[in-house]
Amino acid sequence: MRVIAIDGPAGAGKSTVARQVSTATGLRYLDTGAMYRCVALAVQQSSTDAHDAEAVGKIAREVSVVIGRDVSMLNGIDVSTEIRSSEINGIVSIIAAHTPVRDAMREQQRSWIRDQQGGVVEGRDIGTVVFPEAILKVFLTASPEVRAERRVGQSGGDIQAVASSIAERDHLDSTRLDSPLKPSNDSVVVDSSNKTIEEVVAEIVAHFESVDHG
Ligand code: DC
């Protein structure tokens, strides 16, 4: 299966890079973070306690989440903007740490990959847990300062507040027990701190071509 797994911390440029790699390779693109964000929004809308793993897991199993290239749908409604709010940033890593939530999302992610016969799949645990048989695994990272600056450049906000929100999410994502964020042993680590998007995309596409053509 032609799967390119792109994992890494918040603000490393995964979405932008993964989209362009998808265009360059012709493989479909899946943003798995948007799936967790949709569940977080359903949790917020139903005033459920984000720390209640069972209740949040039930929501994750019952909601309809459909992630397209540019649109994210929760129960048939376009929530692409709502899922990027600072409130959702504040709870998404809490709900994403619950095993019942991860079980439900992983099942959907694997069936998406099977249906599409491959893809460029972006997240935190794609190369390590969701699809360890991916033909290319990239761990995309950048220094905390650069990641905070990029987020402020994209969405505005106070640099200190953005930096501490990113640091808090990184901490929760990399210290949780179920599928923590970490590079897999066989991943290509790309530090984008001093590289342009075009350079990073070209590097990943070159790796893909060498493994794809054997
Ligand atoms: O990539 P993002 O910032 O949209 O992801 C939002 C959150 O979802 C992130 O803080 C951790 C979680 N996530 C995850 O646990 N596993 C994934 N495969 C993707 C995202």
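This one's a predicted model, so the numbers in the text were calculated from it and none came from an experiment.

K.L.:
Which parts of the structure should I look at to understand the site of the ligand?
P.N.:
Around the ligand, the structure places 16 residues, and the nearest of them are Arg 37, Ser 93, Arg 102, Asp 125 and Arg 176. Arg 102 places a polar side-chain atom, nitrogen or oxygen, 2.8 Å from an oxygen atom of the ligand. In the environment of the ligand, an oxygen atom lies 2.9 Å from a nitrogen or oxygen atom belonging to the side chain of Arg 169. Within the complex, 98% of the 440 Å² of free accessible area of the ligand lies under protein. Counting residues per element, the shell around the ligand draws most heavily on helix H2 (residues 32-45), which supplies four residues. When grouped by side-chain class, the residues that make up the shell around the ligand number four nonpolar, four polar and eight charged.

K.L.:
What is the right way to look at the sheet that holds strand S6 (residues 118-123) in this model?
P.N.:
The pairing of strands in a sheet comes from backbone hydrogen bonds and takes either a parallel or an antiparallel form. The five strands are arranged S2-S6-S1-S7-S8 in an open sheet whose pairing can be described as parallel. Of all strands in the sheet, those with a lone pairing partner are strand S2 (29-31) and strand S8 (188-191), marking the two edges. Neighbouring strand axes in the sheet, compared pairwise and without regard to direction, differ in orientation by 20° on average. Across four bridges, the pairing between strand S1 (residues 2-7) and strand S7 (residues 136-141) is parallel. Counterpart to Asp 7 in the pairing with S7 is Phe 139. Against the sheet, H2 contacts S2 and S6, and its axis sits at roughly 40° relative to S2. Sheet strands in contact with helix H5 (residues 99-116) are S1, S2 and S6, and its direction is about 155° off that of S6.

K.L.:
Which parts of the structure should I look at to understand the pattern of salt bridges?
P.N.:
Between side chains of opposite charge, a pair can form as their charged atoms come close. This structure, assessed with the given rule, holds 13 salt bridges. One salt bridge connects Asp 31 with Arg 84, and the closest N-O pair in it is separated by 3.2 Å. Of the two residues, Asp 31 sits in strand S2 while Arg 84 sits in the loop between strand S5 (77-78) and helix H4 (86-95), which places them 53 residues apart along the sequence. Ionic pairing is found between Asp 103 and Arg 106, a salt bridge with its closest N-O pair at 3.1 Å. One end of the pair, Asp 103, and the other, Arg 106, are both in helix H5, three residues apart, so they sit about a helical turn from each other. Beyond isolated ion pairs, a larger network of salt bridges with shared partners links Arg 102, Asp 103, Arg 106, Asp 125 and Asp 178.

K.L.:
Where do I start with the packing of helix H3 (residues 53-62) against H5 in this structure?
P.N.:
The angle between the axes and the distance between the axes are what describe a pair of packed helices. Packing of H3 against H5 brings their axes to within 7 Å, and their N-to-C directions diverge by 20°. When the axis of H3 is compared with that of H5, the two are roughly parallel. Between H3 and H5 the crossing geometry is left-handed. Note on element contacts: H5 touches H3 through Pro 100, Val 101, Ala 104, Met 105 and Gln 108, opposite Ala 53, Glu 54, Val 56, Gly 57, Ala 60 and Arg 61.

K.L.:
Hey, could you run me through the sheet that holds S5 in this one?
P.N.:
Taken together, three strands build an open sheet; the order of strands is S3-S4-S5 and the sheet is antiparallel. Each edge of the sheet is formed by a strand with only one pairing partner; in this case those strands are strand S3 (65-67) and S5. As paired strands, strand S4 (residues 72-74) and S5 are joined by two bridges and run antiparallel to one another. Residue pairing across strands places Leu 74 opposite Ile 77, the latter belonging to S5. Against the sheet, H2 engages S3 and S4, with an angle of about 35° to S4.

K.L.:
What is the right way to look at unusual backbone geometry in this model?
P.N.:
In terms of backbone geometry, most residues other than glycine have negative phi values and most peptide bonds are trans. For Ser 47, which is not a glycine, the phi torsion comes out positive at approximately 55°. Note that Ser 47 resides in the loop between H2 and H3.

The rules behind the values
Residues numbered from 1 in each chain as written. Predicted model: local features only at pLDDT ≥ 70, side-chain atom pairs only at ≥ 80, totals over all residues. Heavy atoms only, no water. Near = heavy atom within 4 Å. Polar contact = N/O pair within 3.5 Å; in protein donor to acceptor, adjacent residues only side chain to side chain. Areas by Shrake-Rupley, 256 points an atom, 1.4 Å probe, with all protein chains shown as cover. Helix = DSSP H or I, 4+ residues; strand = E, 2+ residues; numbered from the N terminus. Nonpolar A, V, L, I, M, F, W, Y, C, P; charged D, E, K, R; others polar. Pairing = 2+ DSSP bridges. Axes fitted to C-alpha atoms, helices over the stretch in contact; angles between N-to-C directions. Contact = heavy atoms within 4.5 Å. Salt bridge = Lys/Arg side-chain N within 4 Å of Asp/Glu carboxyl O. Parallel < 35°, antiparallel > 145°, perpendicular 65-115°, else oblique. Left-handed = near helix turned anticlockwise from the far one by under 90°.

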